[in-house]
Each structure stands twice: as structure tokens, then as C-alpha cells.
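The lines below spell out each chain.
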Amino acid sequence: MPFLMAQEGKGLGMIFPLADVTREAVRDELSQPLSLLHGLSFIPAGSLVETETSIARSYQGEDLLGRALAALGPENRCVIYFIMGPREDAADFETSLERLGASTRFADPMPGPEIGL
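Below you will find a few notes about this structure. (Residues numbered from 1 in each chain as written. Predicted model: local features only at pLDDT ≥ 70, side-chain atom pairs only at ≥ 80, totals over all residues. Heavy atoms only, no water.)

1. Concerning the pairing of strand β6 (residues 64-72)
Counting buried positions along β6 gives eight out of nine residues, so the element sits mostly inside the fold. Both strand β5 (residues 54-61) and β6 contribute to a ladder of seven bridges, which runs antiparallel. Residue pairing for β6: S58 is matched across the bridge by R67. Adjacent in sequence and paired antiparallel, β5 and β6 are bridged by two residues. Inspection of the sheet shows β6 paired to strand β7 (residues 78-86) by nine bridges, in the antiparallel sense. Pairing of A70 across the sheet is with I80, part of β7. (Buried < 20%, exposed > 50% of the residue type's maximum accessible area, 1.4 Å probe, protein only. Helix = DSSP H or I, 4+ residues; strand = E, 2+ residues; numbered from the N terminus. Pairing = 2+ DSSP bridges.)

2. Re the nonpolar core
Of all hydrophobic cores here, the largest spans 16 residues; its most connected members are V26, L30, L36, F42, A70, C78 and F82. Every element with two or more residues in this core is listed here: α1 (23-30), β5, β6 and β7. (Core = buried A, V, L, I, M, F, W, Y, C linked by side-chain atoms within 4.5 Å.)

3. So, the packing of aromatic side chains
Tallied over the full model, the rule gives two aromatic pairs. With centroids separated by 5.2 Å and ring planes inclined at 70°, the aromatic side chains of F42 and F82 adopt a geometry described as edge-to-face. Of this pair, F42 sits in strand β4 (residues 41-50) while F82 sits in strand β7, and the two are 40 residues apart along the sequence. With 5.5 Å between their ring centres and 80° between their planes, Y59 and F82 make a pair best called edge-to-face. Here F82 lies in strand β7 and Y59 lies in strand β5, a separation of 23 residues in the sequence. (Phe/Tyr/Trp six-rings, centres within 6.5 Å; stacked < 30°, edge-to-face > 60°.)

4. So, the environment of G46
Mapped onto the elements of the fold, G46 is located in strand β4. Looking at G46, the relative accessible area reads 62%, which means it is exposed. Linking G46 and R57, residues eleven residues apart in sequence, is a C-alpha distance of 7.2 Å.

5. What about the pattern of salt bridges?
As a working rule, side chains carrying opposite charge can pair if their charged atoms are close by. The final tally for this structure, using the stated rule, is four salt bridges. Where R23 meets E50, a salt bridge forms, and the shortest distance between an N and an O atom there is 2.7 Å. Within this pair, whereas R23 is found in helix α1, its partner E50 is found in strand β4, the two being separated by 27 residues in sequence. Owing to a relative accessible area of 27%, R23 belongs among the partly exposed residues under this scheme. The class for E50 is partly exposed, based on a relative accessible area of 35%. Put simply, R23, E24, R27 and E50 are held in one network by salt bridges that share partners. (Salt bridge = Lys/Arg side-chain N within 4 Å of Asp/Glu carboxyl O.)

Below is the structure:
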């Protein structure tokens with residue numbers, strides 16, 4: 001899984017590419033608590049914020065805050081970006097996610113091997 005590291009501060013991010021996922025499935029995924037390594041867990045906070053091409057949500061952890069952005073692509077493809085860090089770094093999360101969402105491009109799927117004789 002790719003990670004995003006902050007140039008300054010203690011923020012950390014993760015990237016979750018998804019295929020064959022509907023908008024409703026992404027909404028459901030962002031409505032669930034998120035459990036990560038080493039006992040880190042985040043609870044959804046606030047409501048989902050949706051546009052035609054994205055869904056966003058805030059999360060609260062014990063000592064950290066998180067923010068997720070799902071960039072929705074064609075053919076039921078999606079990339080979910082999740083950034084977490086201390087409360088004092090949270091103001092930068094939104095800007096970082098906006099930039100990531102704006103720079104996300106979905107390439108045409110690679111054709112798989114044909115099966116047959």
C-alpha cells in the first residue's frame with residue numbers, strides 16, 4: 001500500500017485504489033470505523049460531503065484526526081486518500097486532499113490475457 005509522508009509536521013497518508021466499486025459502496029466504506037496498524041482507529045465524524053466526482057469525510061481518533069477523500073473514476077474505479085495526524089496539522093489536510101483529488105487521473109484499464117484456444 002502506498003503511503004504519503006508530510007514534508008513538515010507528523011501527518012501520514014495512505015492510498016487505497018479500488019476497482020468494481022459503486023458510489024453506494026464507497027459511501028458505506030466511508031461510514032465505517034477505520035482500524036489501522038498498531039491499534040490506531042478512527043471513527044467517522046460529521047457527514048459525508050459529496051460532489052459528482054468525489055466523496056469526503058472527517059474522522060476522529062484518540063489523539064489524531066483524519067480526513068478521507070474518495071476520487072471517483074469511470075467504470076466503477078475509485079482511489080481513497082486518507083490523511084491522519086495531530087490536531088495542530090489538521091488545517092493542512094483539506095488542502096492536501098484537494099490537490100490529490102485534482103491531480104488524480106484514471107487511465108484506461110489494461111486488457112487482461114485472453115483465455116481460449
